[in-house]
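Next come the chains, spelled out residue by residue.
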Amino acid sequence: MRRRTFLTTAAGSGLAASAGCLGSVGTVLGDGSQHTVLGKPETQPTRSANLPYPAYGEKLPDATLPAAIADRNVSVGDLETAVVMTFFYSHCNTVCPFLISSMRKVQTNAIEAGYGDQVTFLPVTFDPARDDAERLREYAEMMNVDLDADDWYFLRPDDHEHAKEVVEERYGVTFEKTGATDSSMYMYNHLGLLLVVNAEGYVERAYTGDDPKGTRVWSALETVLQA
């Protein structure tokens, strides 16, 4: 079994995100790699190096971010488990519920299959102003996330500028406020992205779109874990 490593020092640089609810449902993008378990994705409209976000065969960028509910910091580069990562905000009523729901289904499958301690789930909010610990606890309950499993961590940048630095610049997931930006009712255009990463830190699958099916994600992750 592989252990999880968490840093307890102050958060360093964060994760990055991509904008606009773009991409077709469940599209997988990337190239081949000697560092992956899975073969080259069947659907790959462009090379991984040409994409703004980490894709098949690429090393997942490192980042250290606060885990709001767990009251600790998580260093992505120090994790020695497989990782399932996405970027979201809890007030989203389009792509984000699908992303979190898919992750939650994969979490359930991993626990039931005996892989609960070999995978870490990292949903990263790019709306830290509203997604505080209290809000994320409510969201976890609403989405039926098992926080007691000790494998799910809502990561929260310090502020909007930090979110831009880590989610957008580091992970290539752009996001842009829309609507009533001067009130608390604002929304975001953003990319729907879900990553499956092996224990060595290389991306096995990068799913884009509004509904990467939990069964498809679990099938990929299970193969990686069995290897």
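Remember, predicted model here, so these are calculated numbers, not experimental data.

**A few points about the pairing of strand β5 (residues 119-125)**
Phase 1 of the analysis: Judged by how many residues are buried, β5 sits mostly within the fold: 7 of 7 residues are covered.
Phase 2 of the analysis: By the alternation rule, side chains of β5 split into Val119, Phe121, Pro123 and Thr125 and Thr120, Leu122 and Val124, which are all buried.
Phase 3 of the analysis: What joins strand β4 (residues 82-88) to β5 is helix α1 (residues 95-112), and the crossover it makes is right-handed.

**Describing the environment of aspartate 62**
Phase 1 of the analysis: Mapping aspartate 62 onto the fold places it in the loop between β1 (27-28) and β2 (64-67).
Phase 2 of the analysis: Considering only alpha carbons, one finds aspartate 62 and arginine 170, 108 residues apart in sequence, at a separation of 8.6 Å.
Phase 3 of the analysis: In this view, aspartate 62 contacts Ser75, Val76, Gly77, Arg170 and Tyr171; residues no more than four positions away in its chain are not counted.

**Notes on the state of the cysteines**
Phase 1 of the analysis: In total, this model carries 0 disulfides according to the counting rule given.
Phase 2 of the analysis: With no disulfide of its own, cysteine 92 has cysteine 96 as its nearest cysteine by sulfur position, at a separation of 3.2 Å.

**Some details on the pairing of β4**
Phase 1 of the analysis: With 7 of its 7 residues buried, β4 lies for the most part within the structure.
Phase 2 of the analysis: Neither face of β4 is exposed, since Ala82, Val84, Thr86 and Phe88 on one face and Val83, Met85 and Phe87 on the opposite face are all buried.
Phase 3 of the analysis: The pairing of β4 with strand β8 (residues 193-197) spans 4 bridges and is classified as antiparallel. Considered in β8, the bridge of valine 83 is made with valine 197.

About the thresholds
- Just so you know, the residues in each chain are numbered from 1, in the order the chain's sequence is written.
- Confidence filtering applies because this is a predicted model: local features only for residues at pLDDT of at least 70, side-chain atom pairs given and counted only at 80 or more, and all residues used for totals across whole chains, interfaces and linings.
- Water and hydrogen atoms were dropped before computing side-chain values, which therefore reflect all heavy atoms in the structure.
- Classification of residues uses two cut-offs on accessible area relative to the type maximum, computed with a 1.4 Å probe and protein chains only: under 20% is buried, over 50% is exposed, and between them is partly exposed.
- Put simply, DSSP marks the helices as runs of H or I at least four residues long and the strands as runs of E at least two long, and each gets a number from the N terminus on.
- Here a crossover is taken to be right-handed if, once the strands point away from the viewer, the path from the first strand over the helix to the second is traced clockwise.
- Contact between two residues is taken to exist if any of their heavy atoms lie within 4.5 Å; hydrogens are not considered.
- For the purposes of this analysis, a disulfide is any pair of cysteine sulfur atoms at a distance within 2.5 Å.
- Strand pairing is assigned whenever DSSP detects at least two bridges linking the two strands.

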